[in-house]
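Notes for the structure review
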Amino acid sequence: MTPETEYAKIDGLRIAYQTVGEGPPDVLLSAGHFNHTDAVWEEPGAALFLRRMAGFCRLIRFDALGSGGSDRPLNADAIPAYDEQIQAVLDAAGSPQAALITMLDAGPAAIEFAAKHPGRVSHLILWNSTARMIRDDDYPEGMDPDALHQLYDAVAEGWASQYVGALNNPSRSDDAAFMTWYRKYMRSIATPTEVQRVLEGSLEQDARPFLAEITMPALVMHRTDYALIPMSQSRYLAGHLARAEFMEVPGADGAVYWETPELILDVWERFLTGDAGRRTGQVELVTLLFTDIVRSTERAEGMGDRNWLAVIDEHNATTLRIVEQNGGAIVKHTGDGTLATFPTPSGAIQAAVALRRALGGMSVEIRIGIHTGEVRRSEADVEGLAVAIAARVMGEAEPGDIMVSRTVRDLTAGSPVRFEAVGARRLRGLTEEWELFRVNP
């Protein structure tokens, strides 16, 4: 579920931060001034990435002062340095030691913090980052100052525009619904004037003097075709950190959420814990919920690809919100439906009722199947007979139905939920008959 936002304090100013998941390890993930801790959970892909990440760590995220949900002092010169904000957030979160994963303007600050407080940083991951943006006599990897000023002026002038959205996340540039959300997300982060201030301030950053003092394991990662920071600057970082690995990641996005997320998460988990997918393979008892959009092929043909994809995006976002509100987690979207897991059958039923109501308001009719049983976790899925049974239960549902197995009905005995017996059915691919029940409105 979306975590509660709390506030760390420094010099009388409040820094919005969140924690989700359980450690060890603790991991602080920061995109500097280009983040809104609350708003990012609205986007299904980003929310899924963060939830999966919280499966192998206690994840700590925060908004830098002057952006997102944190205080915006009138006197920007009085804002404490970013590395000091990192310390304030770790203290407030009760984290004596954490891995730092930072990008953009947070990179140099993380390097400085790690050098000054080596005992508080277990690992350092620098994503699409730099020690210094501007070229110098002893730093040919830097960018030409005039060209950099022109780029930053264009970004500030076009902030929250299609241009900047596509520049930073080209993998989603053709997704109209996503770009509408992303432009709103950028507006929630900062105003164009605030962005201009941050970009101009980043020109003064120079973390090169601290690189030789970094002693913890470091991982430097850079997108092959990322437009805003040259790869040569990440290679410089890796070459000047004593215990650094360098990894070139395919793609062009600045963000980690939407392009090759599985690759990134696996690499991070292996680097931080020594075991990618260490939480997979476990057998657990869960309640499975399958949904399916009724007559999806006919509707897609009638509406056209663009309009239908907008419907699917809204369906996915609504499903994610309701599933999380009821204590569940999305396992995967199936094109015209969803598979989610819940710790209790009552939570799954509550989510199903809310989904039917919410999607009905969008003129999207669904059928739902629910079953409780044992599953085995894989890296991005769940496996086992219970999954097949839940899918077959959904297959027996009529449009608008919420169909459950007897297992679910029995486990919720005494609850206010009203069930209607529909009889025993032989489910496809299964030898035994299963008693099914319909959830009444």
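First, a word on scope: everything that follows refers to the structure included in this document. As the structure is a prediction and not an experimental result, all values here were calculated from the model.

1. Side note on the overall build of the chain
Counting secondary structure elements, the chain contains 15 helices and 16 strands. Relative to the compact-globule value of 22 Å for 441 residues, the chain shows a C-alpha radius of gyration of 24 Å, a close match. Taken along the three principal axes of its C-alpha coordinates, the chain extends 80 × 45 × 40 Å. Within the chain, contacts between residues at least 6 apart in sequence are counted, and of these 72% link residues at least 24 apart. Separation of charge centres in the chain, based on 41 positive and 62 negative side chains, amounts to 7 Å.

2. Describing the environment of G274
Considering the arrangement of structural elements, one finds G274 in the loop between helix 10 (261-273) and strand 9 (283-293). Residues G274 and G327 lie 53 residues apart in sequence; the distance between their C-alpha atoms is 29 Å.

3. Topic: the pattern of salt bridges
Applying the stated criterion across every chain, the model contains 25 salt bridges. Here R406 ties to D410 by a salt bridge, and the two come within 3.4 Å at their closest N and O atoms. Separated by four residues within a single helix, R406 and D410 lie in helix 15 (residues 406-411), roughly one turn from each other. Residue classification places R406 among the partly exposed residues on the basis of a relative accessible area of 35%. When its relative accessible area of 39% is taken as the criterion, D410 is described as partly exposed.

4. Some points on the nonpolar core
Ranked by internal contacts, the top residues of the largest apolar core, which has 89 residues, are F49, M53, W159, Y257, W268 and I370. Beyond its immediate stretch of four places on either side in the chain, W268 contacts L29, F49, M53, F56, I101, I125, L219, M221 and V256. By size, the runner-up hydrophobic cluster in this structure holds 41 residues, among which are L65, Y82, I86 and Y236.

5. Observations concerning the sheet that holds strand 6 (residues 121-127)
In a beta sheet, neighbouring strands are held together by backbone hydrogen bonds and run either parallel or antiparallel to one another. Here eight strands make up an open sheet; going across it, the order is 1-2-4-3-5-6-7-8 and the pairing mixed. Since the sheet does not close on itself, it has two edges, and those belong to strand 1 (6-10) and strand 8 (244-249), each with one partner. On average, adjacent strands in this sheet sit at an angle of 25° to one another, irrespective of strand direction. In this sheet, strand 7 (residues 218-223) lies alongside strand 6 in parallel orientation, the contact comprising four bridges.

6. Re the packing of helix 11 (residues 296-303) against helix 12 (residues 305-325)
For any two helices packed against each other, one specifies the inter-axial angle together with the distance between the axes. It is the contact of helix 11 with helix 12, at a shortest axis distance of 6 Å, that shows an interaxial angle of 130°. If you check the angle between helix 11 and helix 12, you find them oblique. In terms of crossing hand, the pair formed by helix 11 and helix 12 is right-handed. Where helix 11 abuts helix 12, its residues S296, R299, A300 and M303 lie against D305, N307, W308 and V311. Taken together, the residues of the contact of helix 11 with helix 12 break down into four nonpolar, two polar and two charged.

7. Observations concerning the environment of Y163
Note that Y163 resides in helix 5 (residues 162-168). In sequence terms Y163 and R183 are 20 residues apart; their C-alpha atoms lie 9.9 Å from each other.

8. Observations regarding a negative patch on the surface
A cluster of like negative charges, contributed by D153, E157, E200 and E204, occupies part of the molecular surface. Mapping E157 onto the fold places it in helix 4 (residues 145-157).

9. What to know about the side chain of Q233
Checked against the element boundaries, Q233 lands in helix 9 (residues 231-239). With residues up to four places along the chain from it excluded, the contact list for Q233 reads S129, T130, R132, M133, Y139, E141, G142 and M143.

Procedures and definitions
The numbers attached to residues start from 1 for each chain and follow its sequence in the written order. Predicted model: local features are reported for residues with pLDDT of at least 70 only, side-chain atom pairs are reported and counted for 80 or more only, and whole-chain, interface and lining totals are derived from all residues. Based on all heavy atoms of the structure, the side-chain values leave hydrogens and waters out of the count. Strands are runs of DSSP state E lasting at least two residues, helices are runs of H or I lasting at least four, and both sets are numbered from the N terminus onward. Note that the radius of gyration is over C-alpha atoms, with the globule rule given as 2.2 Å times the number of residues to the power 0.38. Residues are treated as being in contact if the distance between any of their heavy atoms lies within 4.5 Å. Only four residue types enter the charge count, namely Lys and Arg as positive and Asp and Glu as negative; His and the chain termini do not. By convention, the charge on Lys lies at NZ, on Arg at CZ, on Asp at CG and on Glu at CD. Here a salt bridge means any side-chain nitrogen of Lys or Arg lying within 4 Å of a carboxyl oxygen belonging to Asp or Glu. Exposure categories follow from relative accessible area, calculated using a 1.4 Å probe and restricted to protein chains: below 20% of the type maximum is buried, above 50% is exposed, and the middle band is partly exposed. Among buried residues, those of type Ala, Val, Leu, Ile, Met, Phe, Trp, Tyr and Cys that are joined through side-chain atoms within 4.5 Å constitute a nonpolar core. Pairing between strands requires that DSSP locate at least two bridges from one strand to the other. Lines are fitted to the C-alpha atoms to define the axes, a helix being fitted only along its stretch in contact, and any angle between axes, read from their N-to-C directions, falls within 0 to 180 degrees. The labels follow the angle: roughly parallel below 35 degrees, roughly antiparallel above 145, roughly perpendicular from 65 to 115, and oblique for the rest. Should the near helix be turned anticlockwise from the far one by less than a right angle, the crossing is termed left-handed; should it be turned clockwise, right-handed. Throughout this entry, Asp, Glu, Lys and Arg are counted as charged residues, while Ala, Val, Leu, Ile, Met, Phe, Trp, Tyr, Cys and Pro are counted as nonpolar. The remaining residues, Gly among them, count as polar. In this scheme, patches are assembled from residues that exceed 30% relative accessible area and form no salt bridge. Like charges are connected within 9 Å, while nonpolar side chains (Val, Leu, Ile, Met, Phe, Trp, Tyr) are connected within 5 Å. Surface accessibility in these figures is a Shrake-Rupley result with a 1.4 Å probe; residues are shielded only by whichever protein chains are displayed.

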